[in-house]
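Examination of the molecular architecture
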Amino acid sequence: MKCISVYTNNFELFSDIYEQVLEAAPQENEDIVIEGITVSGSGHVPVQYIDRMRVKPEVVVMKEKARDIMILQHGNVFEICMPSAEDEDSE
């Protein structure tokens, strides 16, 4: 899954820029700034990463079913994990 990190702990601010982040998704190892918030292309993570993170009590897990996007919030970061072409190739 492709992962994008959004460096804020402010859910309201994250919600405000969420669509912009998806539209201007940074490439792997690229940082961009949207409304003063750093957004980083974190590359790809295995599905097992999400499974491991979702059982941790300090991690909030949200899912956008329509686009099969998983959002993990922990500490000062939101991680947006979404299916990528590489995921489809490995099936």
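See the structure above.
Structural notes, computed from the coordinates. (Residues numbered from 1 in each chain as written. Predicted model: local features only at pLDDT ≥ 70, side-chain atom pairs only at ≥ 80, totals over all residues. Heavy atoms only, no water.)

Across its full length, the protein carries three helices and six strands. When the helices and strands of the protein are read in sequence order from the N terminus, they spell out β-α-β-β-α-β-β-β-α. Relative to the globule expectation of 12 Å for 91 residues, the C-alpha radius of gyration of the protein, 13 Å, shows essentially globular dimensions. Projected onto its principal axes, the C-alpha coordinates of the protein cover approximately 40 × 30 × 25 Å. With 91 residues in all, the protein has 43% of them scored as buried. Within the protein, counting contacts between residues at least 6 apart in sequence, those at least 24 apart form 54% of the total. A distance of 8 Å separates the average location of the 7 positive side-chain charges in the protein from that of its 18 negative side-chain charges. (Helix = DSSP H or I, 4+ residues; strand = E, 2+ residues; numbered from the N terminus. Rg over C-alpha atoms; globule rule 2.2 N^0.38 Å. Buried < 20%, exposed > 50% of the residue type's maximum accessible area, 1.4 Å probe, protein only. Contact = heavy atoms within 4.5 Å. Lys, Arg positive; Asp, Glu negative; His and termini not counted. Charge placed at Lys NZ, Arg CZ, Asp CG, Glu CD.)

Oppositely charged side chains can form a pair if their charged atoms are brought close together. Scanning the entire structure with this criterion turns up four salt bridges. One salt bridge connects aspartate 51 with arginine 54, and the closest N-O pair in it is separated by 3.7 Å. A residue pair is termed a helical-turn pair when its members lie 3 or 4 positions apart in one helix, as aspartate 51 and arginine 54 do in helix 2 (residues 47-54) at three residues. Aspartate 51 sits in the partly exposed class, given a relative accessible area of 38%. Aspartate 68 is the salt-bridge partner of lysine 63, the closest N and O atoms lying 3.1 Å from each other. We classify aspartate 68 as partly exposed; its relative accessible area is 36%. Taken together, the shared-partner salt bridges connect Glu19, Glu64 and Arg67 into one network. (Salt bridge = Lys/Arg side-chain N within 4 Å of Asp/Glu carboxyl O.)

This next bit is on the environment of lysine 56. Relative to the helices and strands, lysine 56 resides in the loop between helix 2 and strand 4 (60-64). Residue lysine 56 is classed as partly exposed on the basis of its relative accessible area of 36%. Along the chain, lysine 56 and histidine 74 lie 18 residues apart, while their C-alpha atoms are 9.6 Å from each other.

This paragraph deals with unusual backbone geometry. Its identity is not glycine, yet glutamate 35 carries a phi of approximately 50 degrees, on the positive side. Take glutamate 35: it is sitting in the loop between strand 2 (31-34) and strand 3 (37-44). Phi at aspartate 68 takes a positive value of approximately 55 degrees, unusual for a residue other than glycine. Structurally, aspartate 68 can be placed in the loop between strand 4 and strand 5 (69-74).

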